[in-house]
Amino acid sequence: MEPGQAHLDMQTVVEVEINSLSVAGSPRISGEDTEHVEMLTVAQAPLPPIIAHRATMRVIDGVHRLRAAERRGDDKIAVRFFDGDEADAFVLAVESNITHGLPLSMADRKNAAERIIRSHPLWSDRMIASVTGIAPGTVAEIRRRVSGAAAAGRGRIGQDGRFRPLNGAEGRRLAGNLIAENPGLSLRQIARASGISPETARDVRNRLRRGEEPLLKGRSRQTPRAQREQVPAGSAGAGDGGESAAPTRMPVQDRTVVVRRLKVDPALRFSETGRTLLRLLSIHTISAEEWDDIMANIPPHCSGIIAQLARECADIWADFAQRAERNVAEAV
């Protein structure tokens, strides 16, 4: 279940007096967009139900629809109610405005991320990124600026609801012991038992098969996972053949969620270049098992050229990542 939606009744819609609703606390820093309100006002189609926080009667999603209904002269509007606390209501407000309607600006998203970091300090950077529609690295930067947030707790809660320690070394050690004692365990069983991702479990297993230690070389026991994950692909030391600089990959389920959210972002899906980018990114949402199947079925006589093409594609993506990160830095 998505963050913030556990207390949202999607089945029940009630008519509510417009003057009983409040529009305070919107994630939009600059307020309402008058052109969007006008467009909704003159549209012939009925306005979809808005979402309101039952305890405070504050509009969570649908302020523009509310204003349009007022301009149409309506006294009531269709409402779905959310019954969580105010912090979760804000999360739902941000999430709703990311997935449909008029998109939040980058400034809105960063401001929302800071507020969610304060209200949900144990949420992982990727969890908050999936809600706000910004990169996990940007969330990590915001977290470091928020007083005391970076040091809060010994771990983070991911999108799967599991708590994982910031220091992943212990998880790798435990995974190594489990593999040694029970070599027949699946990657998912190892991951669940040791608090790491299936892809990290795969890396540990492969390292043990090569006779190596489960821990990555050159990493201090106290190096926070958040710092390790921000090593950009293609940066100094990331592709020099040394495993000590290899960044932890985003789990495939996290990539899938992020790409799914990008697909509903109007800024991407309504442009040809955006749709091309989404198609390219979707390729990388297949599971590790699917990659293994592909690898197992490569004809031996094609392996060399495929390896060369794969490296060239990796270099292209690494260059693309660096350019995208420069764009993020310039927008801060």
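Criteria and thresholds
- Residues numbered from 1 in each chain as written.
- Predicted model: local features only at pLDDT ≥ 70, side-chain atom pairs only at ≥ 80, totals over all residues.
- Heavy atoms only, no water.
- Salt bridge = Lys/Arg side-chain N within 4 Å of Asp/Glu carboxyl O.
- Buried < 20%, exposed > 50% of the residue type's maximum accessible area, 1.4 Å probe, protein only.
- Helix = DSSP H or I, 4+ residues; strand = E, 2+ residues; numbered from the N terminus.
- Expected span 1.5 Å × (residues − 1).
- 1 Å grid on protein atoms, 1.4 Å probe; cavity = no way out; pocket = protein on both sides within 12 Å on 5 of 7 lines; lining within 4 Å.
- Points joined across faces, edges and corners; volume = space filled by probe spheres on them.
- Nonpolar A, V, L, I, M, F, W, Y, C, P; charged D, E, K, R; others polar.
- Phe/Tyr/Trp six-rings, centres within 6.5 Å; stacked < 30°, edge-to-face > 60°.
- Lys NZ or Arg CZ within 6 Å of the ring centre and 35° of its normal.
- Contact = heavy atoms within 4.5 Å.
- Pairing = 2+ DSSP bridges.
- Axes fitted to C-alpha atoms, helices over the stretch in contact; angles between N-to-C directions.

Draft legend 1. Quick look at the pattern of salt bridges. This model, assessed by the stated rule, comprises 15 salt bridges. Across the pair E212 and R210 runs a salt bridge whose closest N-O atoms are separated by 3.2 Å. Accessibility expressed as a relative area gives 46% for R210, which makes it partly exposed. Among the charged side chains, a network of salt bridges with common partners joins E32, R67 and E70.

Draft legend 2. Spotlight on helix α11 (residues 252-263). Here α11 spans 16 Å end to end across 12 residues, near enough to the 16 Å set by a 1.5 Å rise per residue. When we look at burial in α11, the residues that qualify are V252, D254, V257, V259 and R261.

Draft legend 3. Representation of empty space enclosed by the protein. If you walk through the whole model with that rule in mind, you get 2 cavities of 30 Å³ or more. For the largest cavity, the calculated volume is near 80 Å³. Lining the largest cavity, in full, are L187, R188, P198, E199, R202, V252, Q253, S287, A288 and E289. Of all the elements in the fold, those that place two or more residues in the lining of the largest cavity are α8 (187-194), α9 (198-209), α11 and α14 (288-296). When residues of the lining of the largest cavity are assigned to their parent elements, the largest contribution, 3 residues, is made by α9. Of the residues belonging to the lining of the largest cavity, the class tally is 4 nonpolar, 2 polar and 4 charged.

Draft legend 4. Structural detail: the packing of aromatic side chains. If you walk through the whole model with that rule in mind, you get 1 aromatic pair. Between W317 and F320, the ring centres sit 5.5 Å apart and the planes meet at 80°, which makes this aromatic pair edge-to-face. Residue W317 and its partner F320 are both found in helix α15 (residues 303-331); the two are separated by 3 residues, about one turn of the helix. The partly exposed category is assigned to W317, whose relative accessible area is 27%. A relative accessible area of 41% means that F320 is categorised as partly exposed. Residue placement shows R115 over the ring face of F90; its charged tip is 3.8 Å from the ring centre.

Draft legend 5. Up close: the side chain of R202. Position of R202 among the secondary structure elements: in helix α9. Using a relative accessible area of 15% as the deciding quantity, one classes R202 as buried. Contact partners of R202, with chain neighbours within four places excluded, come to L187, A288, E289 and D292.

Draft legend 6. Spotlight on the sheet that holds strand β4 (residues 76-82). Across the sheet, which stays open at both edges, the 4 strands sit in the order β1-β4-β2-β3 with mixed pairing between neighbours. Only two strands of the sheet have a single neighbouring strand rather than two, namely β1 (14-17) and β3 (58-61). Put simply, the sheet's adjacent strands are angled 55° from each other on average, direction ignored. In terms of strand pairing, strand β2 (residues 50-53) meets β3 through 3 bridges, oriented antiparallel. Across the sheet, residue A52 finds its bridge partner in β3, namely V59. Contacting β2, β3 and β4, helix α2 (residues 63-71) crosses the sheet at an angle of about 120° to β3. Sitting on the sheet, helix α3 (residues 86-99) touches β2, β3 and β4, and the angle it makes with β3 is about 40°.

The quantities given are spatial measurements derived from coordinates; they are silent on function.
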